[in-house]
Amino acid sequence: MNDEEIAWIQKLVIDDLSLGARFQELVPRTEEGFSNEDYEASTDWGGCFIKINRDLNNFFEGEAAGLKAIAATETVQVPKVHAYGELPALFNGAPGSYLVLEHIYMRDMRENVQDEPSLGEAVAKLHDAPLPADTRCGFDTPTYLGPLLLANERMPASEWPRFFETQRLGQQFRIAGERYRNRELSSLWRRVQQVLPQILTAPRRLSLLHGDLSPLNGGATQQKLGKWTPLLYDPSASYGDALFDTVLGQVDGLDNAFSSAFWERYWATRGVECDEGDERKRRVYLLYWVMHFHNIYGNAYGIDFYGQAVEIMESLLAHFSPVDDPGPAPGDPEHEWAARDRAAELRDKELEARHVPEFAEAFGAALSDDEESSDAGQVATALPKFVEVDVVRRHDDEESSSSSSSSGSGSGSGDGAGGGFAMMFREETEET
C-alpha cells in the first residue's frame, strides 16, 4: 500500500468514522492465499480492522449485511460494521471496495478447542433464532463465497429444494462445465438432478445461515471478568436449511472441521437428531462444497475433489433404481464440447493415418539390430512430419478451448501417440 492510499485510510478512520484523534499504525494482516488485503489500524482510542478488495466494488456489501443480520439475532457475537463502500480511484484506478470492522482481540479456535462447545451452542441458537413468517430463501444483498458471486434470487421457503438446485449446486456445476468440459461429471449431475426431488425437501423452518461455517471463521473473545465468549466472522449469509451449515468440515483433505464436542453441544442445544433422510440431504450439501473447492483449486493441493464429487453422486444414485442420463438440454454448452471433441478426434485420426505409419516404420528401422537396415536418416526424414502432427494438434487445441481438463476429466480426445513420440525427440531435434 502506497503513501497516498495510507493517507486516505487515515482520513477515513480519523475524520470520517471518528475512531480516534490520532492515527498510529497500519499493520498488514493478510493471510497467504487470500485475494483480499487485511489491515489492523491502530489509533490512540483503539483501532479497527480494514479489508480491501481492489477488483470488485460490491465485494463486502454482502459480508456487511450478513454480519448485521447475525448480530440482530443476539445469539453470537460478530464484529461491528463501521463502514463499507467503494474505493476511490487512487487505489490503482480499480473499482474496488473496502470494509471497516470493529477490532476484536480473539484467540484462534483451531488452537483453543476448549472454546468449541460454547460456539456450537451459539450456532445452534443462531439457527433456531426466530424469523418473520414470510422469510424467503436466499438473501437480499449480493454475497460472495471466496471469489464466487452467489446467485441469491429470493424464493418462498417451500421452494428451498429448487433454490438449492438452481442457485447453489447448479451454479457450481455450470462453472465446472465451463472450466473443465467434463462430460462424465455433467452426466452424473443430470442423473442426480432426476432424484433430487426425492432427497431434498423443504426444511421444517428456515434458518439464518453463516454460509461458510468452520473453525477458520470462528473464535472466542474475552469479555469483562475474564470470560471468553464465542465469536463468528467472515459470513456468506443467506436463509436456508440449517443442515447446510453442518457439512463443510466433512470435505476430505481440508483441515477445517470442528471437533465432536462442538457438534455434541450443537445438536443437544437444538434438541433434534438427523434421520436417514437428513443424512442424505447432508450428502447433497457436501457435494456443493466439494464442487466449490474443485472449481477454485482443481488439484492444486493434491486433494482429489473431483473424485469426491463422483463418489458422492454415485452413492446418492445407489439408493434409487437405475437412472439414465437424459442428455444435455437444447442449448447446453456440452453440445459444443462434444462437437469440438469429435472434430478433434477426426483430425487426429486423419493426421496420424497420414504420418504415423511412415514414422513408425522409420523408427523401427533405426532401432533395428541389423546395422544394414538401421537408417537414422529415415527417422530424420519422417520426424518433421510427425512433429507437425503434434504442433498442429496443440495449436488447434489451444484455439478450441482456453481451459484445460482436470485429472480424471475424460473430456478430450487424448494426446495419442503423436504427442508422445514428438516430445521424445523434440529436444534432440532442436540440438541438431
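Note that the structure is a prediction, hence the values are computed from the model and not measured. (Residues numbered from 1 in each chain as written. Predicted model: local features only at pLDDT ≥ 70, side-chain atom pairs only at ≥ 80, totals over all residues. Heavy atoms only, no water.)

## Observations regarding the environment of Q193
In step 1: Among the structural elements, Q193 can be located in helix α5 (residues 183-199).
In step 2: Taking the C-alpha atoms as reference, Q193 lies 8.0 Å from E165; in sequence the two are 28 residues apart. (Helix = DSSP H or I, 4+ residues; strand = E, 2+ residues; numbered from the N terminus.)

## A closer look at the sheet that holds strand β3 (residues 46-53)
In step 1: One open sheet holds the five strands; their spatial order is β1-β2-β3-β5-β4, and the pairing between them is antiparallel. At either margin of the open sheet sits one strand with a lone partner, and together these are β1 (23-28) and β4 (81-86). Strand-to-strand, the axes of this sheet are offset by a mean angle of 20°, without reference to chain direction.
In step 2: Both β3 and strand β5 (residues 97-102) contribute to a ladder of six bridges, which runs antiparallel. Its bridge partner being in β5, I50 is matched across the sheet by V100.
In step 3: Packing of helix α1 (residues 3-16) onto the sheet brings it into contact with β1, β2 (37-43), β3 and β5, and relative to β1 it is tilted by some 120°.
In step 4: In the packing of helix α2 (residues 61-73) onto the sheet, contacts are made with β3, β4 and β5, and the angle to β4 comes to roughly 160°. (Pairing = 2+ DSSP bridges. Axes fitted to C-alpha atoms, helices over the stretch in contact; angles between N-to-C directions. Contact = heavy atoms within 4.5 Å.)

## Considering helix α7 (residues 276-297)
In step 1: For α7, with 22 residues, the first-to-last C-alpha span of 31 Å sits near the 32 Å given by 1.5 Å per residue.
In step 2: For α7, the tally of buried residues reaches 16 of 22 residues, placing the bulk of the element in the interior.
In step 3: A side-chain oxygen of the first residue of α7 lies 3.1 Å from the backbone nitrogen of G277; this N-cap is D275.
In step 4: At the C-terminal side of α7, G298 shows a positive phi close to 60°. (Expected span 1.5 Å × (residues − 1). Buried < 20%, exposed > 50% of the residue type's maximum accessible area, 1.4 Å probe, protein only. Polar contact = N/O pair within 3.5 Å; in protein donor to acceptor, adjacent residues only side chain to side chain.)

## Looking at the pattern of salt bridges
In step 1: Per the stated rule, a full pass over the model turns up 17 salt bridges.
In step 2: One salt bridge in this structure joins E121 and R265, with 2.9 Å as the shortest N-O distance. Of this pair, E121 sits in helix α3 (residues 116-127) while R265 sits in helix α6 (residues 260-270), placing them 144 residues apart in sequence.
In step 3: Taking the relative accessible area as the measure of exposure, E121 reaches 25% and is therefore partly exposed.
In step 4: For R265, a relative accessible area of 34% puts it in the partly exposed group.
In step 5: Via salt bridges that share partners, E5, E37 and R54 belong to a single interconnected network. (Salt bridge = Lys/Arg side-chain N within 4 Å of Asp/Glu carboxyl O.)

## Points about the packing of aromatic side chains
In step 1: Within the structure shown, the criterion is met by 26 aromatic pairs.
In step 2: Between the aromatic rings of W8 and F91, the centroid separation amounts to 5.5 Å while the plane-to-plane angle is 85°, which identifies the pairing as edge-to-face. Of this pair, W8 sits in helix α1 while F91 sits in the loop between β4 and β5, and the two are 83 residues apart along the sequence.
In step 3: Given a relative accessible area of 1%, F91 falls into the buried group.
In step 4: Members of the aromatic cluster, each reached through a chain of ring pairs, are W160, F163, F164, F244, Y285, Y288, W289, F293, Y297, Y301 and F305.
In step 5: The ring of W228 carries the charged tip of R107 above its face, separated from the ring centre by 3.8 Å. (Phe/Tyr/Trp six-rings, centres within 6.5 Å; stacked < 30°, edge-to-face > 60°. Lys NZ or Arg CZ within 6 Å of the ring centre and 35° of its normal.)

## Observations concerning the side chain of T43
In step 1: Considering the arrangement of structural elements, one finds T43 in strand β2.
In step 2: The exposure class of T43 is buried, given its relative accessible area of 4%.
In step 3: Reaching out from T43, the side chain makes a polar contact with the backbone oxygen of L19 at a distance of 2.8 Å.
In step 4: With residues near it in sequence (within four places) discarded, T43 still touches V13, I14, L19, G20, R22, F23 and Q24.

## Comments concerning the sheet that holds strand β6 (residues 106-108)
In step 1: Across the sheet, which stays open at both edges, the three strands sit in the order β6-β10-β11 with antiparallel pairing between neighbours. The outermost strands of the open sheet, each flanked by one partner alone, are β6 and β11 (228-232). Within the sheet, the average angular offset between the axes of one strand and its neighbour, ignoring direction, is 40°.
In step 2: Here strand β10 (residues 218-222) runs beside β11; their pairing, made up of five bridges, is antiparallel. Along β11, the bridge assignment pairs Q222 with W228.

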